[in-house]
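Breakdown of the fold
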Amino acid sequence: MRLNISALAGRKGSSFRLKEERPADFLAKLSEVEQVLGPVVAELQVTNTGEGFLVVGDLSIEVELRCSRCLRPLKTTLSTSIEEEFLNHPEEAEEDWFWDEPSLVDGNEIDITSLIEESLLVSIPMKSVCQEDCPGLCPVCGTLLSEGKCDCSESAIDIRLAPLSKLLQQMSETTPPERRKDHGSTKEETFKSKS
Ligand SMILES: [Zn+2]
Ligand SMILES: [Zn+2]
């Protein structure tokens, strides 16, 4: 997306607002994004700072992601803010521009394409869920647990807990007498009865 800034040329402090809608095909290439459901809506303000042009504003776009628990598609709006100054000349940049290359004015235009793309990329959540308490999928058969329990879920838990329940059973059979000895409760009783 390129913005023509010739209306602000030579007028430090002047600014304009604009609302633009552009397709965002780059998002569809990402594995996190199932579908792009609309254009990027950019509401921006561009200001002539003297040294360059400051772009400030908000971006939003409707996309379809996948629930990270149940893998079902979910619609959401990615939204983020941007703020970037495009400089007239590279020498006006701060001394650390070697590390963070400054954005530059290109003739009477500024190109905010990569600014928009990078900002939207980092606005994609690492994990998204269709609902707060989404129970996800059965780890054994893959059944959607939000639509009812599967037959295998009970036995799957039994199989996993079988060794533990055996161990617990053994412990309950052997522990009580040992505990009495270890804690010396019999000695204590003897002492008490003597005094
Ligand atoms: Zn889900
Ligand atoms: Zn199952």
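**Overview of unusual backbone geometry**
Glycine aside, residues mostly have negative phi, and peptide bonds are mostly found in the trans state. Here Leu71, not a glycine, exhibits a phi torsion of approximately 65 degrees, which is positive. Looking at the element boundaries, Leu71 is found in the loop between strand S5 (52-66) and strand S6 (73-87).

**Looking at the confidence of the model for the chain**
Fine structural detail should not be taken from predicted coordinates in areas where pLDDT scores are low. Across the chain, pLDDT averages 82, with 73% of residues at or above 70. Within the chain, the element-level pLDDT minimum falls on helix H4 (residues 185-194), averaging 47, and the maximum on strand S4 (residues 40-48), averaging 97. A low-confidence stretch, residues 177-181 stays under pLDDT 50, and its non-local contacts, those more than four residues away or across chains, total two contacts. Throughout residues 183-195 the model reports pLDDT below 50, and contacts reaching past four residues in sequence, or to other chains, amount to two contacts.

**So, helix H2 (residues 113-122)**
The complete set of buried residues in H2 reads Ile116, Ser119 and Leu120. All buried residues of H2 lie within an arc of 95 degrees about the axis, which places them on one face of the element. In H2, the exposed residues that point more than 90 degrees away from the buried face are Ser114 and Val122. Close packing links the buried residues of H2 with helix H1 (25-28), S4, S5 and S6.

Criteria and thresholds
- Residues numbered from 1 in each chain as written.
- Chains lettered and ligands numbered in written order.
- Predicted model: local features only at pLDDT ≥ 70, side-chain atom pairs only at ≥ 80, totals over all residues.
- Helix = DSSP H or I, 4+ residues; strand = E, 2+ residues; numbered from the N terminus.
- pLDDT = per-residue confidence, 0-100.
- Contact = placed C-beta atoms within 7 Å.
- Buried ≥ 20, exposed ≤ 12 C-beta atoms within 10 Å, placed from the backbone.
- Arc of directions from axis to C-beta.

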